[in-house]
Amino acid sequence: MKQELLNLRKQMKDNKIDAYLIMTDDFHGSEYVGDYFKCRKYISGFSGSAGTLLVLEKEAGLWTDGRYFLQAERELENTGITLFCSGEPGVPSIEEYLERHMEKGQTLGFDGRCVMADYAARLNEIVQKKGIQICSDRDLVGEIWKDRPALSSEPVWELDSMYAGMTRQKKISCIREKMKENSADWFLLASLEDIAWTLNIRGNDVECTPVMLSYLLMSEEQIIWYVQKKCVSNEICSSLEKEGITLREYDEIFSDIRNLPAGDSILYDSTHVNAALYTCIPSGVKKIDKQNPTLLLKAIKNPVEVENERIAHIRDGVAVTRFIYWLKTQVGKETITECSAAGHLEMLRKEQEDYVGPSFPPIIAYKEHGAIVHYSADKDSDVPLMPEGYVLADTGGHYLQGTTDITRTIALGTLTHEEKELYTTVLRGHIHLSMARFLHGCTGVSLDGLARTPLWEKGYDYNHGTGHGVGYLLSVHEGPNSFRYRPAVKRGNDCVFEEGMITSNEPGVYLAGKFGIRLENMIVCVKDTENGYGRFLKFEPLTMVPFDLDAILPEQMTQKEIRWLNAYHKQVYDTIAPYLNESEKVWLKTATREIGD
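So, here is what we can say about the structure in this document. (Residues numbered from 1 in each chain as written. Predicted model: local features only at pLDDT ≥ 70, side-chain atom pairs only at ≥ 80, totals over all residues. Heavy atoms only, no water.)

When helices and strands are tallied, the protein chain shows 19 helices and 28 strands. Its C-alpha atoms put the protein chain at 75 × 55 × 50 Å along the principal axes. The burial tally for the protein chain puts 58% of its 597 residues in the buried class. Carbon and sulfur atoms make up 48% of the accessible area of the protein chain, which amounts to about 24,200 Å² in all. Taken together, the 67 basic and 88 acidic charged side chains of the protein chain have centroids lying 2 Å from each other. (Helix = DSSP H or I, 4+ residues; strand = E, 2+ residues; numbered from the N terminus. Buried < 20%, exposed > 50% of the residue type's maximum accessible area, 1.4 Å probe, protein only. Areas by Shrake-Rupley, 256 points an atom, 1.4 Å probe, with all protein chains shown as cover. Lys, Arg positive; Asp, Glu negative; His and termini not counted. Charge placed at Lys NZ, Arg CZ, Asp CG, Glu CD.)

This is the structure we're talking about:
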């Protein structure tokens with residue numbers, strides 16, 4: 001059993017707390033968090049980006065989703081913590097577990113700054129029913145974490161409107177229109193990506209996500225940005241103040257919310273406002289809990305952003321295509337491991353103009369490691385790549401022109417018939433979604449089955465969504481657009497597709513102990529045609545990297561699928577070849593050759 005878990009239990013006992021809940025969130029409900037906030041990882045050892053830890057006196061459980069089942073099983077071994085596979089048959093939810101295991105008069109504890117208000121409300125319903133007390137103002141992990149990293153405070157920088165496509169004044173004006181529609185005197189914005197988008201400012205407080213720790217509070221007359229002032233240069237301060245934006249220290253938001261005038265109304269999103277901040281809203285202030293209006297505004301990329309994204313994907317396509325060429329020609333001739341391969345790809349990306357950094361930690365997963373959806377190689381798991389089987393490479397980059405996310409499963413040598421058949425099946429699903437033509441009004445739930453059908457027909461599936469929205473030099477996972485066959489249970493994870501939305505298309509299949517296959521492009525939603533039935537939309541690929549013809553069984557594909565693949569490969573060659581050297585260009589010509597009759 002982990003010593004950290006034992007230490008936490010002692011702290012719980014000393015404070016008369018019978019159960020303690022540790023979320024993955026920071027103070028803003030972010031998907032990825034800075035090192036200061038990695039309390040769940042510190043106690044459990046589980047390093048995935050999604051998961052919740054519940055510790056009781058004699059039991060402890062970690063809940064995570066299908067992306068991390070295999071990883072969590074490995075990382076939780078011998079820790080004294082039980083894995084609960086969320087959504088699987090017979091697996092209780094955290095709420096159900098609390099109801100069963102806590103008794104009247106006991107106390108549930110958590111750090112209210114790291115639990116979002118909507119979830120805290122659900123917990124409150126349980127405790128009221130069971131007669132349980134809540135203690136939400138104790139950071140017990142922080143009290144025992146002696147070498148806890150400091151709160152990040154990196155310098156911020158401005159994103160020019162030539163990249164953003166819209167000034168912050170225009171964005172603020174759009175937000176204020178939404179406030180009027182909701183009869184809101186104030187708007188409290190706590191989502192880091194939405195604040196960065198609104199102000200056209202980026203930071204480095206979260207690994208792989210260029211955002212800064214801050215809050216934003218605005219009315220028709222005022223805009224207040226709560227940020228660590230030491231992170232903001234005098235030049236940026238002056239620029240913001242000239243536009244009527246006042247800067248205050250990060251934690252002053254709590255007192256300002258407490259002092260809102262009685263009779264006013266405040267708009268906020270309880271999925272991104274923490275419970276501690278929510279409790280500061282005075283009882284005399286009307287609460288308007290709705291999805292952040294910025295969420296949809298930033299999801300629909302403006303024409304400048306879309307064109308910039310095309311540039312970013314060309315640059316990224318050059319780097320990844322050169323990476324695949326290098327793997328194909330050098331594996332077996334020089335020592336290449338999962339980690340060194342990731343380092344080589346990062347070097348190739350750094351050679352591209354306007355590269356900012358990786359958009360998420362790279363996944364380079366060889367053979368059976370590919371079956372772990374969010375595998376991350378380290379010094380203990382790193383293995384050499386050999387001229388046989390598959391390596392799955394899921395990586396991405398931030399450029400001033402936008403954010404990329406691409407997965408290619410690469411044949412390094414001899415493949416079995418099963419490996420080729422499943423690659424072909426996953427590719428067919430990818431192509432089906434890529435070719436979709438649909439009426440405006442469709443959501444990702446309407447379209448997800450297109451990608452899964454070829455796998456379902458063979459009795460396979462994958463335990464993750466088929467696609468997610470991607471931010472513009474922001475989070476690589478951005479709502480509300482997505483592809484999933486189950487309706488979203490969390491606000492902001494589903495919506496009608498609109499022109500300008502950029503989404504990933506990434507079906508896969510994973511055979512534990514053998515291999516994994518995932519094929520991912522970024523696609524942008526565009527107008528197709530309009531007639532008496534309505535407005536039809538379609539998708540265009542942004543990613544410009546070949547699929548692996550060495551892994552395809554053309555006889556298992558339809559002529560329509562082959563035509564799409566041939567046309568896509570011609571586009572890849574025409575787009576990428578001018579940036580390659582002669583040997584790379586010759587290889588790409590073969591790698592994008594036409595197949596079929």
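What follows deals with the layout of surface pockets. The calculated volume of the second largest pocket comes to roughly 380 Å³. In this structure, the second largest pocket is lined by 22 residues; those nearest its centre are Ala120, Ser136, Ala275, Ala276 and Thr279. Mapped by element, the contributors of at least two residues to the lining of the second largest pocket are helix 5 (117-130) and helix 12 (275-278). A total of five residues in the lining of the second largest pocket trace back to one element, the largest contributor, which is helix 5. (1 Å grid on protein atoms, 1.4 Å probe; cavity = no way out; pocket = protein on both sides within 12 Å on 5 of 7 lines; lining within 4 Å. Points joined across faces, edges and corners; volume = space filled by probe spheres on them.)

It is worth spelling out empty space enclosed by the protein at this point. Counting across every chain of the model gives three cavities of 30 Å³ or more. In this structure, the largest cavity spans a volume of roughly 100 Å³. Looking at the largest cavity, it is lined by 13 residues, and the ones nearest its centre are Ile22, Met23, Cys39, Asp111 and Cys114. With three residues, strand 1 (residues 19-22) is the single largest residue contributor to the lining of the largest cavity. For the lining of the largest cavity, the class distribution of residues is 10 nonpolar, no polar and three charged. Of the voids in this model, the second largest cavity is the one considered here, and its volume is about 40 Å³. (Nonpolar A, V, L, I, M, F, W, Y, C, P; charged D, E, K, R; others polar.)

Moving on to the sheet that holds strand 3 (residues 60-64). With mixed pairing, the six strands of this open sheet are ordered in space as 4-3-2-1-5-6. The sheet is open, and its two borders are formed by strand 4 (82-85) and strand 6 (133-135), each paired with just one other strand. Averaged over all pairs of adjacent strands, the angle between strand axes in this sheet comes to 20°, irrespective of strand direction. Where strand 1 lies against strand 5 (residues 107-109), two bridges are found, and the strand directions are parallel. By the bridge assignment for strand 5, alanine 19 is matched with leucine 108. Its contacts with the sheet place helix 4 (residues 94-101) against strand 1, strand 2 (52-56), strand 3, strand 4 and strand 5, and it is angled at close to 5° to strand 2. (Pairing = 2+ DSSP bridges. Axes fitted to C-alpha atoms, helices over the stretch in contact; angles between N-to-C directions. Contact = heavy atoms within 4.5 Å.)

A few words now on the nonpolar core. Phe323, Leu327, Phe539 and Leu565 are the most contacted members of the largest nonpolar core, which has 75 residues in total. Here this core takes eight residues from helix 14 (residues 303-330), the largest share from any one element. Dropping the residues within four chain positions of it, leucine 327 is found in contact with Ile336, Leu385, Val391, Ile410 and Leu412. Within the second largest apolar cluster, 59 residues are counted, among which are Ile172, Trp186, Met212 and Leu260. (Core = buried A, V, L, I, M, F, W, Y, C linked by side-chain atoms within 4.5 Å.)

Helix 18 (residues 559-576) packs onto helix 16 (residues 417-434) with a crossing angle of 80° between their chain directions and a minimal axis gap of 10 Å. In terms of orientation, helix 16 lies roughly perpendicular with respect to helix 18. Note on element contacts: helix 18 touches helix 16 through Glu561, Trp564 and Leu565, opposite Leu427, Arg428, His430, Ile431, His432 and Ser434. Within the contact of helix 16 with helix 18, the residues separate by chemical class into four nonpolar, three polar and two charged. (Parallel < 35°, antiparallel > 145°, perpendicular 65-115°, else oblique.)

Let us look at the pattern of salt bridges. By the definition in use, this model includes 38 salt bridges. Ionic pairing is found between arginine 322 and glutamate 351, a salt bridge with its closest N-O pair at 2.9 Å. Within this pair, whereas arginine 322 is found in helix 14, its partner glutamate 351 is found in the loop between helix 15 (338-350) and strand 15 (355-358), the two being separated by 29 residues in sequence. Given a relative accessible area of 22%, arginine 322 falls into the partly exposed group. A salt bridge links aspartate 550 to lysine 328, with the shortest nitrogen-to-oxygen separation between them at 2.9 Å. Of this pair, aspartate 550 sits in the loop between strand 28 (534-541) and helix 18 while lysine 328 sits in helix 14, and the two are 222 residues apart along the sequence. Aspartate 550 gets classed as partly exposed once you look at its relative accessible area, which sits at 44%. Within the structure, one salt-bridge network assembled from shared partners comprises Asp111, Arg113, Asp139 and Arg148. (Salt bridge = Lys/Arg side-chain N within 4 Å of Asp/Glu carboxyl O.)

Attention now goes to the side chain of aspartate 25. Along the polypeptide, aspartate 25 turns up in the loop between strand 1 and helix 2 (39-44). If we ignore the near neighbours within four places in the chain, the residues touching aspartate 25 are Ser30, Val33, Phe37, Cys114 and Met116.

Taken as a whole and assessed by the stated rule, the structure comprises 23 aromatic pairs. Between the aromatic rings of tryptophan 63 and tyrosine 97, the centroid separation amounts to 5.4 Å while the plane-to-plane angle is 75°, which identifies the pairing as edge-to-face. Of the two residues, tryptophan 63 sits in strand 3 while tyrosine 97 sits in helix 4, which places them 34 residues apart along the sequence. For the residue pair tryptophan 63 and tyrosine 97, the accessibility class agrees, reading buried in each case. Relative to tyrosine 97, the ring of phenylalanine 84 has its centre 5.4 Å away and its plane inclined at 65°; by these criteria the two rings are edge-to-face. Residue phenylalanine 84 is found in strand 4, and its partner tyrosine 97 is found in helix 4; the two are separated by 13 residues along the sequence. Of the two residues examined, phenylalanine 84 and tyrosine 97, each falls in the buried class. Chaining the aromatic ring pairs together yields one cluster made of Phe438, Phe483, Phe497 and Phe539. The ring of tyrosine 462 carries the charged tip of arginine 452 above its face, separated from the ring centre by 3.9 Å. The ring of tyrosine 573 has lysine 589 lying over it, and the distance from NZ or CZ to the ring centre is 4.4 Å. (Phe/Tyr/Trp six-rings, centres within 6.5 Å; stacked < 30°, edge-to-face > 60°. Lys NZ or Arg CZ within 6 Å of the ring centre and 35° of its normal.)

A cis amide bond links glycine 479 to the next residue, proline 480, at an omega of 5°. Secondary-structure assignment places proline 480 in strand 23 (residues 478-483). Of note in the backbone geometry, lysine 16 takes a positive phi value of approximately 55° without being a glycine. Among the secondary structure elements, lysine 16 is positioned in the loop between helix 1 (3-14) and strand 1. Residue class for lysine 16 comes out exposed when judged on its relative accessible area of 67%. Non-glycine residue lysine 367 carries a positive phi angle of around 50°. Looking at where lysine 367 falls in the secondary structure, it is placed in the loop between strand 16 (363-366) and strand 17 (390-395). Overall, lysine 367 belongs to the partly exposed group, its relative accessible area being 25%.

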